[in-house]
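# Secondary and tertiary structure notes
For reference, the chains in residue letters:
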Amino acid sequence: MKNILVPVGSSKNAKNHLQYAVDFARATGAKLYVVQVYNVYTKAGTMIKVDHIIERESKAFLEHHVSQIEHKGVEVVTKTFKGKLVNTIDLVCKAFDIDLIILEPRTNSIKDEVYLGKTSGKIIKRTNIPALIIPECYVFRPINSILLALKSAIIKKEEALKTLKMVKDDFDSVVNLLLVKTPFYNDGDCDVNAELGAIVTNITKSENATTYHGVLEHYKITSPDLLCVVRRKRGFFGKLWEKNVVLKKDFHISQFPVLVLSGLK
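Residues numbered from 1 in each chain as written. Predicted model: local features only at pLDDT ≥ 70, side-chain atom pairs only at ≥ 80, totals over all residues. Heavy atoms only, no water.

### Quick word on the overall build of the protein
- Scanning the protein from terminus to terminus reveals eight helices and 12 strands.
- Classification of the 265 residues of the protein by burial places 52% in the buried group.
- Summarising the internal contacts of the protein: among those between residues at least 6 apart in sequence, 82% fall at separations of at least 24.
- When the accessible area of the protein is evaluated, it comes to approximately 13500 Å², of which 51% is carbon and sulfur surface. (Helix = DSSP H or I, 4+ residues; strand = E, 2+ residues; numbered from the N terminus. Buried < 20%, exposed > 50% of the residue type's maximum accessible area, 1.4 Å probe, protein only. Contact = heavy atoms within 4.5 Å. Areas by Shrake-Rupley, 256 points an atom, 1.4 Å probe, with all protein chains shown as cover.)

Next up, the structure:
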């Protein structure tokens, strides 16, 4: 893995989150871009230009934030950008050839029932860059075991599994595949091709109402350090993230990070 992006918010967990990102980057040999995206809304007739003020304060905030973290051995670059969140994140990812975005589940929401807040949810829903969601207060540990949960093993997009392969190689992880047959099952969904078969060590098949229910039923068997799921345009995870906010009652993993890949088809 070469380049990782960490959008920084103002949550109470921000320091812990950044420390995880630094430790993850150190373990994978990646360069870390710590960024903050801001937007300025001014009323008509306003004479004072505040862009440069906000940019300066945002940059100072990031540098102070990084100074509080132990980041020896990791190249950390701080950047501030003005613009709309998703569009700006997309441009930044292309400009810096980002392999992975590391996100907090909640950056601003204080509602206990929320798993994924508006900011993180919007980034996952509207960008195609793989995202790693880190539970609040989670401390970095090597990823020895990965649980890949799919309702369909059909892969058509080139390099769809690229980030998963990177993580597997960087940590020498074992990948356990859970194929969940849901009521929306189609013929061929459980056929594992050579590319996917070369990644996984074990395959388990299950019948459940959703992929998430399959995960809840089986994850304790493999005790993974990472759950990998797919955000599809259709299907459970696609439907789940139709809205930017994801409630804990619909999806909540606090035991380990969740790697979200974009659709495989």
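Picking up after the structure, the text goes on.
### Remarks on the packing of aromatic side chains
- Counted by the stated rule, this structure contains seven aromatic pairs.
- Taking the centre distance of 5.9 Å and the plane angle of 55° together, the rings of Tyr20 and Tyr138 count as tilted. Of this pair, Tyr20 sits in helix α1 (residues 14–28) while Tyr138 sits in the loop between β6 (131–133) and β7 (145–150), and the two are 118 residues apart along the sequence. Neither Tyr20 nor Tyr138 differs from the other in exposure class; each is buried.
- The structure contains a cluster of three or more aromatic residues connected by ring pairs, namely Tyr20, Phe24, Tyr138, Phe140 and Phe171. (Phe/Tyr/Trp six-rings, centres within 6.5 Å; stacked < 30°, edge-to-face > 60°.)

### A short note on the nonpolar core
- Counting residues in each nonpolar core, the largest one holds 71 residues, and the members touching the most others are Ile4, Leu5, Phe24, Leu32, Ile102, Leu132 and Leu196.
- The element contributing the most residues to this core is α1, with six residues.
- In this structure Ile102 touches Ile4, Leu5, Val6, Pro7, His17, Ala21, Phe24, Leu132 and Ile134, once residues within four positions along its chain are discounted. (Core = buried A, V, L, I, M, F, W, Y, C linked by side-chain atoms within 4.5 Å.)

Everything listed here is a matter of geometry and, on its own, says nothing about what the molecule does.
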